[in-house]
Amino acid sequence: MNKQQIPVVVLAGFLGSGKTTLLNHLLHRSGGSRIGAIVNDFGSIEIDAMSVAGQLGDSTVSLGNGCLCCAVDASELDEYLERLARPAAGIDVIVIEASGLAEPQELVKMLLASENPHIVYGGLVEVVDAAEFEATRERHPEVDRHLGIADLVVVNKADRVPAEERERVVRAVRGLAGRAAVVAASYGRVDVELFFDRAPVGERVGQLSFDDLREDDPDMRGGDRDMSQDGHSETEACADGRCAHHDHHHDHLHTAYESLAFTSEAPMGPRPLMALLDSRPEGLYRIKGYVDFGAADPRNRYEVHAVGRFLRFYPEPWAPGEPRLTQLVLIGSGVDVSTLEKELEACREYAPQADEQGMWGVLRYVQEPDEESGSWAE
């Protein structure tokens, strides 16, 4: 990807689902990635902004007293993004925490319409409360539509329901979320691999870390405004390194995910690879890496960036003497890794031909100057 383009992730979900908890978890487990946050409270007192890692200076933009999708247009959102996406800020990923009443589809449209050359759409993450899922659907039937356009769904507070109920909620969410990855979590503790790049070619991701913001266990300190059913915050439910209902180090839920690292010395055929990418399996959330199309384009390697249904390629010239390899990392939930690996192996071209027409499928996802490219289903 263009090194100046920063993924922008929309974090959505109804009031109390656990968005701020999840964002704080990402901030404190960033693993070397520097995160910029845009926090949108609905109301004049910006409680969520106060709770996000103690308001991280110029890495946080707070928007109070209004719903982001209604209060600003695409050009205004660009102004906020520019404060975080300017190269001098050194930000690796931007997370927009929408208010609990925001319309996520409108936020995604605003990002795709953005004219900021430094950002790229990074996916829609929808957070749902496992304990309140059915009640939320009754009060807010639009949640079904929100899940249908998500790229990743986090079924949060999964520790608060019995195992059978949790499995039933996850099945229901999967039925509504279509091809999106669906993961269960407790206290917003998702695997950060779902959000942050672990570079497939040995590159270090990010320059700065938030890991030193807290001297003790980051999951046990402030910044948590999620309320449990008994009225206590999740932070209050834990003390001295242990949770009231679960041992902190052993019993809490961790998000399950599958990842595949794929390397090929043989070039990839553009036609079979695009057939695979255009019909990628359910639950495959992120794809990152570089593709060698061999004789189909001997001058360039193609960096690929995919999140959910969004896909983009970035051609760049091969460096002199650089090994010509395809190196990809694929991450998702509920993905058959062995089948996916076999499908990628089948895309190899051991006797490649100059298939310029075959590259047309790739070029559909190459951003032209001053033109937004990619794919996103409404």
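Given the structure is predicted, the values throughout are model-derived calculations rather than measurements.

K.L.:
Is there a simple way to think about the overall build of the chain in this case?
P.N.:
Assigned secondary structure in the chain consists of eleven helices and 14 strands. Taking all 378 residues of the chain together, the buried fraction comes to 55%. Working note: accessible area of the chain is about 16400 Å², and carbon and sulfur atoms make up 48% of it.

K.L.:
Hey, could you run me through unusual backbone geometry in this one?
P.N.:
A negative phi angle is the norm for most residues apart from glycine, just as the trans form is the norm for most peptide bonds. Positive phi, normally seen in glycine, also occurs at K157, with a value near 60°. Tracing the chain through its elements places K157 in the loop between β6 (152–156) and α8 (163–177). Its identity as a non-glycine residue notwithstanding, Y187 has a phi of 55°, on the positive side. Within the secondary structure layout, Y187 lies in the loop between β7 (181–184) and β8 (238–239).

K.L.:
Would you mind going over the nonpolar core with me for this structure?
P.N.:
In globular proteins that are soluble, nonpolar side chains generally tend to be buried together. Judged by nonpolar contacts, the single largest core of 70 residues is most densely connected at L81, I94, L111, L152, V154, V173 and F195. In terms of residue count, strand β5 (residues 119–129) provides more of this core than any other element does, seven residues in total. Both domains that furnish three or more residues to this core are identified here as domain 1 (6–221) and domain 2 (257–371). With sequence-adjacent residues up to four places away left out, F195 is seen in contact with V9, L22, L26, V125, L152, V190 and R286.

K.L.:
Looking at this model, I keep getting lost on the environment of R312. Mind explaining?
P.N.:
Looking at where R312 falls in the secondary structure, it is placed in strand β13 (residues 310–317). According to the relative accessible area criterion, R312 is buried, its value standing at 1%. Engagement of the side chain of R312 in a polar contact is seen with the side chain of Y314, the distance being 3.4 Å.

K.L.:
Is there a simple way to think about empty space enclosed by the protein in this case?
P.N.:
Summary: where empty space remains is shown by rolling a probe the size of a single water molecule over the atoms. Applying the stated criterion across every chain, the model contains six cavities of 30 Å³ or more. Each pocket or cavity is described by its volume, and for the second largest cavity that value is around 60 Å³. What lines the second largest cavity is A150, D151, R179, A180, R280, P281, L284, G308 and R309. Classifying every residue of the lining of the second largest cavity by side-chain character gives four nonpolar, one polar and four charged. Of the residues that make up the lining of the second largest cavity, three or more belong to each of domain 1 (6–221) and domain 2 (257–371).

K.L.:
Looking at this model, I keep getting lost on the pairing of strand β1 (residues 6–12). Mind explaining?
P.N.:
Two faces, one strand: in a regular strand the side chains alternate between the faces of the sheet. Counting buried positions over the seven residues of β1 gives seven, a clear majority of the element. Side chains of β1 alternate between two faces, with I6, V8, V10 and A12 and P7, V9 and L11 buried alike. Of the strand pairs in this sheet, β1 and β5 are connected by six bridges, and their pairing is parallel. The partner of P7 across the bridge, within β5, is V120. Bridge analysis of β1 against strand β4 (residues 93–97) gives four bridges, and the strand direction is parallel. Within the sheet, the bridge partner assigned to L11 lies in β4 and is E97.

K.L.:
Where do I start with the side chain of R301 in this structure?
P.N.:
In this structure, R301 sits in strand β12 (residues 300–307). The buried category is assigned to R301, whose relative accessible area is 12%. Looking at R301, its side chain comes within polar contact range of the side chain of E316, at 2.7 Å. Separated by 2.8 Å, the side chains of R301 and E322 make a polar contact.

K.L.:
What exactly am I supposed to notice about the packing of aromatic side chains here?
P.N.:
The relation between two aromatic rings is expressed through the spacing of the ring centres and the mutual angle of the planes. Tallied over the full model, the rule gives four aromatic pairs. Pairing Y121 with F310 gives two aromatic rings, centres 5.5 Å apart and planes at 80°, and the pair type is edge-to-face. Of this pair, Y121 sits in strand β5 while F310 sits in strand β13, and the two are 189 residues apart along the sequence. Relative accessible area serves as the criterion here: at 1%, F310 is assigned to the buried category. Where F293 meets Y302, the ring centres are 5.4 Å apart and the plane angle is 70°; that geometry is what we call edge-to-face. Each of the two residues, F293 as well as Y302, counts as buried. What links up through ring pairs into an aromatic cluster is the set F293, Y302 and F313. The aromatic ring of Y290 is capped on one face by R301, whose charged end is 3.7 Å from the ring centroid.

K.L.:
Help me out: how do you make sense of the pattern of salt bridges in this one?
P.N.:
A side chain of one charge can pair with a side chain of the opposite charge if their charged atoms are brought near each other. Going through the model one piece at a time under the given rule, you end up with ten salt bridges. Where R145 meets E103, a salt bridge forms, and the shortest distance between an N and an O atom there is 2.9 Å. Of the two residues, R145 is situated in helix α7 (residues 143–148) and E103 in the loop between β4 and α5 (104–112); the sequence distance between them amounts to 42 residues. Judged by relative accessible area, R145 falls into the partly exposed class, the value being 40%. Note on E103: relative accessible area 18%, which makes it buried. For R168, the salt bridge is made with E134, and the minimal N-O distance between the two is 3.5 Å. Here R168 is found in helix α8, whereas its partner E134 is found in helix α6 (residues 133–139), with 34 residues between them in sequence. Taking relative accessible area as the criterion, R168 reaches 32% and is therefore assigned partly exposed. Residue class for E134 comes out partly exposed when judged on its relative accessible area of 31%. The network of salt bridges with shared partners includes E134, R137, D144, E165 and R168.

What counts, and at which threshold
- Residues numbered from 1 in each chain as written.
- Predicted model: local features only at pLDDT ≥ 70, side-chain atom pairs only at ≥ 80, totals over all residues.
- Heavy atoms only, no water.
- Helix = DSSP H or I, 4+ residues; strand = E, 2+ residues; numbered from the N terminus.
- Buried < 20%, exposed > 50% of the residue type's maximum accessible area, 1.4 Å probe, protein only.
- Areas by Shrake-Rupley, 256 points an atom, 1.4 Å probe, with all protein chains shown as cover.
- Core = buried A, V, L, I, M, F, W, Y, C linked by side-chain atoms within 4.5 Å.
- Domains from an automatic or database assignment.
- Contact = heavy atoms within 4.5 Å.
- Polar contact = N/O pair within 3.5 Å; in protein donor to acceptor, adjacent residues only side chain to side chain.
- 1 Å grid on protein atoms, 1.4 Å probe; cavity = no way out; pocket = protein on both sides within 12 Å on 5 of 7 lines; lining within 4 Å.
- Points joined across faces, edges and corners; volume = space filled by probe spheres on them.
- Nonpolar A, V, L, I, M, F, W, Y, C, P; charged D, E, K, R; others polar.
- Pairing = 2+ DSSP bridges.
- Phe/Tyr/Trp six-rings, centres within 6.5 Å; stacked < 30°, edge-to-face > 60°.
- Lys NZ or Arg CZ within 6 Å of the ring centre and 35° of its normal.
- Salt bridge = Lys/Arg side-chain N within 4 Å of Asp/Glu carboxyl O.

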